[in-house]
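# Structural description and commentary
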Amino acid sequence: MLSTALVALDATIIATASATIAREVGGFEQLPWLFSTYLLAQAVGTPLAGRLADVLGRRRMMLGGVALFFLGSVVCGAAPSMGVLIAGRVLQGLGAGAVMPTSLTIAADIYTLEERARTQGYLASVWAISSVVGPTLGGVFSEFVSWRWIFFVNVPLCALAAWMLLRRYHESPRDGAREPIDYLGAGLLASGSTALLLGLLEGGSTWAWGSPASLVLFAAAVALLAGFVVRARRARHPIIDLGILRRRVIAVPTAASLLVGVIVLGLATYIPIYAQGVLGVGPLVAGFTLAAMMVGWPLSATNAGRLYLRLGFRLTAMTGATLVLTGTALALLLGASSAVVAVAGVCFLVGLGMGLTAVPTLIAAQSAATFTERGAVTGTTMFARSLGSAVGVAVCGAIVNSRTTVGADGVPEGPGLMSAMHVVFIVLAACAAVLLLVATLMPADRDQARERRAGTGSAEATPTRAA
């Protein structure tokens, strides 16, 4: 939770101080790269870190991730220019990409199936708290102290998290020789993912979709990722074994995670714009509407264990996806005179559904994986969510940009904003409908749930526990 707090705080704390940072260090035109490079580094690092956690050990990857985040925070805090600041954000993103999948993998290692939903809820609650605390701290630091403390505040948190890991988390020794690392496959995956995500994140904003930059990036992404697939099929120990996706219990959660990324980031990006640009409320109230989703998510995630132990993973995921579909369908009723409470209610309902969809599907995939592939499964699932987020931003951004104008502050505005928001809500509702369809493809496990309740079946293989 301490390590996750580093990532969660950093995702929200910088937004309220971005204008102050650009004014003091210059390079306002490079400001979007503070966010896109971080997201890019995190997304690219996630699947690699998941696999390396299987090969090198969870403890090493967590400590390595915290160390990278520490170094990136120091570089950002002391940055004399926007270029150095962006370099520090890349280091932070790589650290976040190691921390997130490894922390979820550790939770899967040391807790039983019955305990795991509660611990995942605790991890999700860190994000809920950070969504409220982060913007507030960012505003306070930039206005009353210095924006540099937005990054320096991570230094003691990193030290505390590393100390706790060194003192309390001890892995069992690995049996046999360590598998070799497929550096060529890792390079192809990292470079191909970078080209793909960079094209999705910057297309339509930094450059046009049909520009040479977009075409070159997407062509490179196709070639590099095709090379990665060929390498993964031929290598004896691939960086990611694509064979795990042949298992339905892993493939379906991966597909669900991609759709979760589209829906969550679509709402997170455009609900505040709708609240401010259409309803005319301030940033604080707009943030409240979105915070409702981050409250609903851990609330339902913490109690998801009771449902999947009673009903099974499939029915629990279907219930959550139904709530997400209901929430996004209700968003279609929002208009220029809707109450802020109604917007918050929509977000809260979607958050409740996400807690019952994202968490149980991930736990189902982890439970179907062996100890030596659990990190790769977790990393692959989380990478799918990052890819979905990039796709969601690209699609929704293209819709909004085609119907509105961009103001001096970079926020869409104009008479077409409400119609653009309506189209965005239609897209998100359609994705929620597909999410429900995907949830129905989960392997039926109602009988196993009955056995677990009766105490005649094992929840899963006995987990490897850490002292």
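This is a predicted model, so every value here is computed, not measured. (Residues numbered from 1 in each chain as written. Predicted model: local features only at pLDDT ≥ 70, side-chain atom pairs only at ≥ 80, totals over all residues. Heavy atoms only, no water.)

## Quick look at the overall build of the protein
Each helix and strand counted, the protein has 17 helices and two strands in total. Here the C-alpha radius of gyration of the protein, 21 Å, is about what a compact globule of 467 residues would show, namely 23 Å. Viewed in the frame of its principal axes, the protein has a C-alpha envelope of about 60 × 45 × 45 Å. Across the 467 residues of the protein, 53% fall into the buried class. Element-wise, carbon and sulfur atoms account for 67% of the exposed surface of the protein, whose accessible area totals about 19400 Å². The distance from the centre of the 31 positive side-chain charges to the centre of the 21 negative ones in the protein is 6 Å. (Helix = DSSP H or I, 4+ residues; strand = E, 2+ residues; numbered from the N terminus. Rg over C-alpha atoms; globule rule 2.2 N^0.38 Å. Buried < 20%, exposed > 50% of the residue type's maximum accessible area, 1.4 Å probe, protein only. Areas by Shrake-Rupley, 256 points an atom, 1.4 Å probe, with all protein chains shown as cover. Lys, Arg positive; Asp, Glu negative; His and termini not counted. Charge placed at Lys NZ, Arg CZ, Asp CG, Glu CD.)

## Thoughts on the packing of helix α3 (residues 32-56) against helix α4 (residues 58-77)
For the pair α3 and α4, the least separation of the axes is 8 Å and the interaxial angle reads 155°. Compared by their axis directions, α3 and α4 come out roughly antiparallel. When you trace α3 past α4, the crossing you get is right-handed. Contact with α3, carried on its side by Y38, A49, L52, A53, D54 and L56, involves R58, R60, M61 and F69 of α4 and no other residues of that element. In terms of residue class, the contact of α3 with α4 is made up of seven nonpolar, no polar and three charged. (Axes fitted to C-alpha atoms, helices over the stretch in contact; angles between N-to-C directions. Parallel < 35°, antiparallel > 145°, perpendicular 65-115°, else oblique. Left-handed = near helix turned anticlockwise from the far one by under 90°. Contact = heavy atoms within 4.5 Å. Nonpolar A, V, L, I, M, F, W, Y, C, P; charged D, E, K, R; others polar.)

## Overview of helix α9 (residues 183-202)
Between its first and last C-alpha atoms α9 spans 28 Å; for 20 residues at 1.5 Å apiece the expected length is 28 Å, and the two agree. Within α9, 14 of the 20 residues are buried, which leaves the element mostly enclosed by the surrounding structure. Phi turns positive one or two residues past the end of α9, at G204, with a value near 85°. (Expected span 1.5 Å × (residues − 1).)

## A short note on a nonpolar patch on the surface
Together, L2, L160, W163 and M164 give the surface a local cluster of nonpolar side chains, amounting to about 350 Å² of exposed area. Here the element with the most residues in the nonpolar patch is helix α8 (residues 154-168); it accounts for three residues. On the secondary structure map, L2 appears in helix α1 (residues 2-13). Under the relative-accessibility criterion, L2 is labelled partly exposed at 30%. (Patch = residues over 30% accessible without salt bridge, like charges linked within 9 Å, V, L, I, M, F, W, Y side chains within 5 Å. Salt bridge = Lys/Arg side-chain N within 4 Å of Asp/Glu carboxyl O.)

## What about the side chain of R374?
With respect to the element layout, R374 can be found in helix α15 (residues 374-403). A distance of 2.7 Å separates a polar atom in the side chain of R374 from a polar atom in the side chain of D109. Engagement of the side chain of R374 in a polar contact is seen with the backbone oxygen of Q366, the distance being 3.4 Å. Residue contacts for R374: discarding those within four places in its chain leaves D54, R58, T105, A108, D109, Q366 and A369. (Polar contact = N/O pair within 3.5 Å; in protein donor to acceptor, adjacent residues only side chain to side chain.)

## Digging into the side chain of Q92
Note that Q92 resides in helix α5 (residues 82-110). Among the polar contacts made by the side chain of Q92, one reaches the side chain of D10 at a distance of 3.4 Å. At a separation of 3.0 Å, a polar atom in the side chain of Q92 contacts the side chain of S73. The residues contacting Q92, other than those within four sequence positions of it, are D10, Y38, L68, F69, G72, S73, C76, F151 and N154.

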